[in-house]
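Structural description and commentary
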Amino acid sequence: MPRTDGTIQATGTESIRQAVTSADSPPPSAAERDAWSVTTIRKGDTLSGILAREGQNGGEISRVMASIPEARVFRRLYPGQTLRLRAETGQPWQELIYENGPTEAFHLVRQGNRFELTREIRRFDTRTTHVAGAIESSLFEDGQNAGLSDALIMKLAEIFGWDIDFALGLRRGDRFAVIYEEKYWRGQKVGDGDILAAEFINQGRVFRAIAYRDNDGHATYYTPEGMSVRRSFLRTPVAFSRITSRFSRSRFHPVLKKWRAHHGVDYGAPTGTPVHATASGRILSLGQYGGYGKRIVIRHNATFSTVYAHLSRYNTKLRAGSFVEQGQTIGYVGSTGLATGPHLHYEFRVNGVHRNPLTFRFPGATPIAREQREDFARMAKTWSERLDIVGRNAQIASGN
Ligand SMILES: [Zn+2]
């Protein structure tokens, strides 16, 4: 039975009480368990219908629902949730529990000819656990094989999605390690909590993320150095340049002498001025491309890509497939292709659609706040050490 803390409302012969129970409350006794029947709610189920199936008076509950305002929760039962009913054989039911979700349950208890409704808020035990694995086919398949739920796999992909291209960039032998919370209720696992720390090694590059929770318990992820895992782009790919043509849906093309959309921004600068990658990523293509002249396309992640055109030459170390860091020199300003003079034509694509890089708002990529830095650094150290161990043990276990 749940511990109860005080009546919060009483209406006539019925009342609603609020109770808070913790995960270490004693489990029900065997005798108590025997009298319970458990129903998993199916689509279209009603409380009176379920009671009737159990051989109970279905009409009575309708009157209870009508007389206790808070009992409206029973009017709409959600498929997949659980209803527990305690009744001795041939007797009217004594207690009914509707588990409305993992953290909340409603108890309706018969007391003579009145009913008492209690809302129970369940405080879970959280336990920390970890998994590690290697990529053989896909993040989903290998994540599941390692024991991650679909929800955790999605979270993992979201955390590292700015650095790792999960659609095209995974390679066999990439590795991951995840430390996360599990929620327990009376010794049984009822769900997953937050990812606390994670590591992903993608094509030899190591990425780590550490959760920092605000007062509401909402987790934000940072690198161990306290930088946001969400990346921002450099505003300009060419230093000391001036914008000679802005992004527009229609402009008069100086070479073609006709009106055309300009799906990028032009930066005028002398031939040979270095051009920087505006964010880290992988070079998708590098070469001559019609009116673009010498052109580089960088895919940053599944969402963002950038284009650098009219280059005079490339950074000779780079090939299609090379990784580039944010700010790295990838080539030099020129006037190859359709260009009246030396400039960089820069395009910014979001999900394949040209967007204006000068006005695009990047979602929050702020580092850890100054006042939280010390606290975060302590946590980051602890979790990093644990990631070292989890990753190493997994590697030993797999013989790699
Ligand atoms: Zn242009």
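To be clear, the structure that these remarks concern was listed above.
About the cut-offs
- Residues numbered from 1 in each chain as written.
- Predicted model: local features only at pLDDT ≥ 70, side-chain atom pairs only at ≥ 80, totals over all residues.
- Helix = DSSP H or I, 4+ residues; strand = E, 2+ residues; numbered from the N terminus.
- Contact = placed C-beta atoms within 7 Å.
- Buried ≥ 20, exposed ≤ 12 C-beta atoms within 10 Å, placed from the backbone.
- Arc of directions from axis to C-beta.
- Pairing = 2+ DSSP bridges.
- Axes fitted to C-alpha atoms, helices over the stretch in contact; angles between N-to-C directions.
- Parallel < 35°, antiparallel > 145°, perpendicular 65-115°, else oblique.
- Left-handed = near helix turned anticlockwise from the far one by under 90°.

1. Quick word on the overall build of the protein
Within the protein one finds six helices and 25 strands. Here the contacts in the protein between residues at least 6 apart in sequence split such that 60% fall between residues at least 24 apart.

2. With respect to unusual backbone geometry
One non-glycine residue, His-310, lies in positive phi territory at about 65 degrees. Note that His-310 resides in strand 20 (residues 304–311). Backbone geometry places Asn-351, a non-glycine residue, at a positive phi of 50 degrees. Judged by the 9 C-beta atoms lying within 10 Å of it, Asn-351 is exposed.

3. Remarks on the environment of Tyr-289
Note on placement: Tyr-289 falls in the loop between strand 18 (281–288) and strand 19 (294–299). Residues Tyr-289 and Thr-336 lie 47 residues apart in sequence; the distance between their C-alpha atoms is 9.8 Å.

4. Points about helix 4 (residues 139–146)
Looking at helix 4, one finds that the buried residues are Leu-139, Asp-142 and Gly-143. All buried residues of helix 4 fall inside an arc of 105 degrees around its axis, so they share one side. In the core, the buried residues of helix 4 are packed alongside strand 8 (125–134) and helix 5 (150–160). Remark: Gly-147 follows helix 4 within two positions and exhibits a positive phi of approximately 110 degrees.

5. Concerning the sheet that holds strand 10 (residues 188–202)
Strand order in the open sheet formed by five strands is 8-9-10-11-12, with antiparallel pairing between adjacent strands. A strand with exactly one partner marks an edge of an open sheet, and here the two such strands are strand 8 and strand 12 (219–222). Across the sheet, the mean angle from the axis of one strand to that of its neighbour is 30 degrees, orientation sign disregarded. With 10 bridges connecting them, strand 8 and strand 9 (residues 175–185) associate as antiparallel partners. If you follow Ala-132 over to strand 9, its bridge partner there is Ala-177. Sitting on the sheet, helix 5 touches strand 9, strand 10, strand 11 (205–213) and strand 12, and the angle it makes with strand 10 is about 30 degrees. Relative to strand 9, helix 6 (residues 373–398) is tilted by about 110 degrees, and along the sheet it contacts strand 8, strand 9, strand 10, strand 11 and strand 12.

6. Observations concerning the packing of helix 4 against helix 5
Taken N-terminus to C-terminus, the directions of helix 4 and helix 5 make an angle of 125 degrees; their axes are 10 Å apart at the nearest point. Taken together, the axes of helix 4 and helix 5 lie oblique to each other. As for the relative orientation of helix 4 and helix 5, their crossing is right-handed in sense. Of helix 5, the residues touching helix 4 (which contributes Leu-139, Phe-140 and Gly-143) are Ile-153, Leu-156 and Ala-157.

7. Some thoughts on the pairing of strand 7 (residues 114–123)
Side-chain direction in a regular strand flips from residue to residue, so the side chains alternate between the two faces of the sheet. In the sheet, strand 6 (residues 104–111) pairs with strand 7 via eight bridges, with the strands oriented antiparallel. Directly across from Ala-105, in strand 7, lies its bridge partner Glu-120. The loop that links strand 6 with its antiparallel partner strand 7 comprises two residues; one of these, Gly-112, has a positive phi angle of about 65 degrees.

8. As for the sheet that holds strand 17 (residues 274–276)
Sheet architecture is open: three strands sit in the order 17-23-21, paired in antiparallel fashion. One side of each edge strand has no neighbouring strand; the edge strands of this open sheet are strand 17 and strand 21 (313–314).

9. Some words on the environment of Gly-272
Residue position: Gly-272 is located in the loop between strand 16 (265–268) and strand 17. You can call Gly-272 exposed: it has 11 C-beta atoms within 10 Å. Sequence spacing of Gly-272 and Val-333 is 61 residues, and the spatial spacing of their C-alpha atoms is 5.1 Å. Excluding residues within four positions of it along the chain, Gly-272 makes contact with Ser-312, Tyr-332 and Val-333.

10. Things to note about helix 5
Along helix 5, the residues classified as buried are Leu-152, Ile-153, Lys-155, Leu-156, Ile-159 and Phe-160. The arc that holds the buried residues of helix 5, viewed along the axis, is 160 degrees, so those residues lie on one side. Exposed residues lying more than 90 degrees from the buried face of helix 5 are Asp-150 and Ala-151. Its buried side turned inward, helix 5 meets helix 4, strand 9, strand 10, strand 11 and strand 12.

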